[in-house]
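What the coordinates show
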Amino acid sequence: MLNRDIISMPDKWEYPWYAAWDLAFHTLPISIVPHAFGAGAVHRRSDVVEVLGELMVGLLPLCATTVIEKWQRERVPGTMLKILERLRRMPELATTMHPTGAGHFGVNERGIIALLTPERLRRILTKMLDENEFLSPYGIRALSRFHADHPYVFHANGQEHRVDYLPAESNTGMFGGNSNWRGPIWMPVNVMIIRSLLNFYTYYGDNFTIECPTGSGTMMNLFEVAKEISDRLTRIFLRDSSGRRPVYGGTEKFQQDPHWRDHILFYEYFHGDNGAGLGASHQTGWTGVVAKLIELFGLLDAKQLLEGGKVAAFEREMSGVK
């Protein structure tokens, strides 16, 4: 077995252990390399990234979204009948999910299967796009910043348990002390959120807009929201007006030394407020997917996505044509 053939972070620290869901993200930045384009195309069409349980749990229902083109419905009429029959037999489903089927088609007669009703979608996005809650200058936080001043506290068996907003490292030794889900920015779940927003955009088009950031007075369609989040994630690695990269925080050698400052590390997760890299520094697999975001929004525009849908958009992306 040649490690380099199957994984993009072949370090001695983890070998020979592999996290299967990590590998799903690894294939995305790898697909940018020309010899991997064919495999990348198949991978993208497979919606292969699984929802990560118990992370940003209030936002994750957003990710359970699939848009169905008219031509796809026409190819599988039996499947569509079964879906409609299920809804007929279980009417309670229709009250807790997005309206679907005849009478509820979107742009270009696209259908949608999504957990969120339009009203719940708007409520979740209002929270997610609030800079005092989930929206950081560098992406979507794993826990709302609201909990910095309002920790969730409960008592059981004479002990106090609490969930605080922790923008950097964990305050416990669990998982080796280097894995904090309470506040930091994680690339994989941000990517899943961006994917779901693009799905919703192909259905709604410009008919659905939301204030972004919440309270700013600026209204955006969901393509623009997805790009805004992507731009904030990308900002982690770019030099700011003072010439410093947020990813390196206060590490002066990496900020100033000409031999180090342009060698980017892809950290495991990022500070929820200032974007500094935290945890393992070699997560080229899931954090390297930021390269895919740069490529995607560099080649894809809203009109192209809306007119051609995901398949046409990715075919255009594969060809490298704007």
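Analysis parameters
Residues numbered from 1 in each chain as written. Predicted model: local features only at pLDDT ≥ 70, side-chain atom pairs only at ≥ 80, totals over all residues. Heavy atoms only, no water. Helix = DSSP H or I, 4+ residues; strand = E, 2+ residues; numbered from the N terminus. Buried < 20%, exposed > 50% of the residue type's maximum accessible area, 1.4 Å probe, protein only. Contact = heavy atoms within 4.5 Å. Areas by Shrake-Rupley, 256 points an atom, 1.4 Å probe, with all protein chains shown as cover. Axes fitted to C-alpha atoms, helices over the stretch in contact; angles between N-to-C directions. Parallel < 35°, antiparallel > 145°, perpendicular 65-115°, else oblique. Left-handed = near helix turned anticlockwise from the far one by under 90°. Nonpolar A, V, L, I, M, F, W, Y, C, P; charged D, E, K, R; others polar. Phe/Tyr/Trp six-rings, centres within 6.5 Å; stacked < 30°, edge-to-face > 60°. Salt bridge = Lys/Arg side-chain N within 4 Å of Asp/Glu carboxyl O. Core = buried A, V, L, I, M, F, W, Y, C linked by side-chain atoms within 4.5 Å. pLDDT = per-residue confidence, 0-100. Arc of directions from axis to C-beta.

**Some points on the overall build of the protein chain**
- Looking only at helices and strands, the protein chain has 11 helices and 10 strands in total.
- Relative to its 322 residues, the protein chain shows a buried fraction of 45%.
- Taking all contacts inside the protein chain whose residues are at least 6 apart in sequence as the whole, residues at least 24 apart take part in 57%.
- Of the roughly 16,700 Å² of accessible surface on the protein chain, 58% is carried by carbon and sulfur atoms.

**Focus on the packing of helix α7 (residues 187–204) against helix α8 (residues 222–235)**
- One can describe the packing of α7 onto α8 by two numbers: an axis separation of 8 Å at closest approach and a directional angle of 160°. In terms of their interaxial angle, α7 and α8 are classed as roughly antiparallel. Relative to α8, the crossing made by α7 is left-handed. Note on element contacts: α8 touches α7 through Leu222, Phe223, Val225, Ala226, Ile229, Ser230 and Leu233, opposite Met187, Asn190, Ile193, Ile194, Leu197, Leu198, Phe200 and Tyr201.
- When the residues that make up the contact of α7 with α8 are grouped by side-chain class, the tally is 13 nonpolar, two polar and no charged.

**What to know about the packing of helix α6 (residues 118–128) against α7**
- Look at α6 against α7: their axes get within 14 Å of each other, and the N-to-C directions meet at 135°. In terms of their interaxial angle, α6 and α7 are classed as oblique. Both α6 and α7 take part in a crossing whose hand is left-handed. Across the interface between the two elements, Pro118, Leu121, Leu125 and Met128 of α6 pack against Ile193, Leu197, Phe200 and Tyr204 of α7.
- For the contact of α6 with α7, a count of residues per class yields eight nonpolar, no polar and no charged.

**Digging into the packing of aromatic side chains**
- Using the criterion set out here, one finds 13 aromatic pairs in the structure.
- Note on Trp186 and Trp286: the rings are 6.0 Å apart at their centroids and 55° apart in plane angle, and the pair reads as tilted. Of this pair, Trp186 sits in the loop between β6 (159–163) and α7 while Trp286 sits in the loop between β10 (277–278) and α10 (290–299), placing them 100 residues apart in sequence. Neither residue differs from the other here; Trp186 and Trp286 are each classed as buried.
- Between the aromatic rings of Phe223 and Phe297, the centroid separation amounts to 5.6 Å while the plane-to-plane angle is 65°, which identifies the pairing as edge-to-face.

**Considering the pattern of salt bridges**
- Counted by the stated rule, this structure contains 17 salt bridges.
- Its salt-bridge partner being Arg141, residue Asp273 comes within 3.1 Å of it at the nearest N-O pair. Taken together, the positions of Asp273 in the loop between β9 (269–270) and β10 and Arg141 in the loop between β4 (139–140) and β5 (152–156) put the pair 132 residues apart, joining distant regions of the chain.
- Note on Arg141: relative accessible area 3%, which makes it buried.
- The shortest N-O distance in the salt bridge between Asp262 and Arg245 comes to 2.8 Å. Of this pair, Asp262 sits in the loop between α9 (252–256) and β9 while Arg245 is found in the loop between α8 and α9, placing the two residues 17 residues apart along the sequence.
- You can call Asp262 partly exposed: its relative accessible area is 44%.
- Given the relative accessible area of 12%, Arg245 is considered buried.

**Some words on the nonpolar core**
- Ranked by size, the top nonpolar core spans 64 residues in total, and within it Leu125 and Met128 carry the most contacts.
- The set of elements that each furnish at least two residues to this core consists of α1 (20–30), β2 (111–114), α6, α7, α8, β9, α10 and α11 (302–319).
- A per-element tally of this core places α7 first, with 12 residues.
- Contact partners of Leu125, with chain neighbours within four places excluded, come to Leu62, Leu197, Phe208, Ile210, Thr214 and Leu222.

**Points about the confidence of the model for the protein chain**
- For the protein chain, mean pLDDT is 84; residues scoring 70 or higher make up 81% of the total.
- Per-residue pLDDT stays below 50 along residues 36–46; that stretch engages in 21 contacts with residues further than four places along the chain or on separate chains.
- For residues 48–55, every residue scores under 50 in pLDDT, and the model assigns this stretch 17 contacts once sequence neighbours within four places are set aside.

**Considering α6**
- Residues of α6 that are buried: Leu121, Ile124, Leu125 and Met128. Taken around the axis of α6, the buried residues stretch over an arc of 100°, which confines them to a single face. Seen from the open side of α6, the exposed residues pointing more than 90 degrees away from its buried face are Glu119 and Arg123.
- Considering only its buried residues, α6 is in contact with β3 (135–136), β4, α7, β7 (209–211) and α8.

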